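Survey of secondary and tertiary structure
One letter stands for each residue in the lines below.
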Amino acid sequence: MAISKSAKIMAEMEKVKAKISDQQARLKELEQKHKEAENEEIVDIVRGMSISLEELPLVLQRIKAGDTLGQNVPKSAGPEKEDAE
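Rules behind the numbers
Residues numbered from 1 in each chain as written. Predicted model: local features only at pLDDT ≥ 70, side-chain atom pairs only at ≥ 80, totals over all residues. Heavy atoms only, no water. Helix = DSSP H or I, 4+ residues; strand = E, 2+ residues; numbered from the N terminus. Buried < 20%, exposed > 50% of the residue type's maximum accessible area, 1.4 Å probe, protein only. Areas by Shrake-Rupley, 256 points an atom, 1.4 Å probe, with all protein chains shown as cover. Salt bridge = Lys/Arg side-chain N within 4 Å of Asp/Glu carboxyl O. Patch = residues over 30% accessible without salt bridge, like charges linked within 9 Å, V, L, I, M, F, W, Y side chains within 5 Å. Lys, Arg positive; Asp, Glu negative; His and termini not counted. Charge placed at Lys NZ, Arg CZ, Asp CG, Glu CD. UniProt positions renumbered as here; feature names shortened; annotations may be inferred.

An unreviewed UniProt entry annotates the chain as DUF4315 family protein of Acutalibacter muris.

Here it is in structure tokens:
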């Protein structure tokens with residue numbers, strides 16, 4: 001039985017659509033893995049910060065607002081070095 005040219009093209013289109021669907025599913029899977037990895041990195045950073053979970057929202061708000069964290073240490077006002085002539 002002869003297959004028409006349009007039927008062949010339609011079959012090829014279906015194959016491409018199936019590949020696209022597979023790739024979209026793979027993309028979603030990779031995006032989820034990426035998000036999970038970022039979350040794990042954030043958890044590791046927070047664990048190393050030595051702050052309680054109760055303080056965490058306030059600290060994150062301060063970071064988002066651009067506030068500095070920790071202590072600000074002024075530069076010493078000692079004598080400046082002069083170049084020897």
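Moving on from the coordinates now.
Turning our eyes to something else, we now look at the overall build of the chain. From N to C terminus, the chain includes two helices and zero strands. Going through the 85 residues of the chain one by one, you find that 4% of them count as buried. A total of about 8,700 Å² of accessible surface is found on the chain, and carbon and sulfur atoms cover 56% of it.

Overall, the coordinates contain three salt bridges when judged by the stated rule. Note that Arg-26 and Glu-29 form a salt bridge whose closest N and O atoms lie 3.1 Å from each other. Taken together, the residues Arg-26 and Glu-29, both in helix H1 (residues 5–47) and three residues apart, mark about one turn of the helix. Via salt bridges that share partners, Arg-26, Glu-29 and Lys-33 belong to a single interconnected network.

So, about a negative patch on the surface. A surface patch of like charges, here negative, comprises Glu-36, Glu-38, Glu-40, Glu-41 and Asp-44. Along the chain, Glu-36 turns up in helix H1. The exposure class of Glu-36 is partly exposed, given its relative accessible area of 40%.

Before going further, it helps to spend a moment on the UniProt feature "coiled-coil region" (unreviewed entry) in the chain. In this numbering, the UniProt entry assigns the feature "coiled-coil region" (unreviewed entry) to residues 10–40. Across residues 10–40, helical content stands at 100% and strand content at 0%; the span's end C-alpha atoms are separated by 45 Å.

For the rest of this paragraph, the subject is a nonpolar patch on the surface. Among the surface-exposed residues, Ile-45, Met-49, Leu-60 and Ile-63 lie close enough to one another that they form a single nonpolar patch of about 360 Å² accessible area. The topology assignment puts Ile-45 in helix H1.

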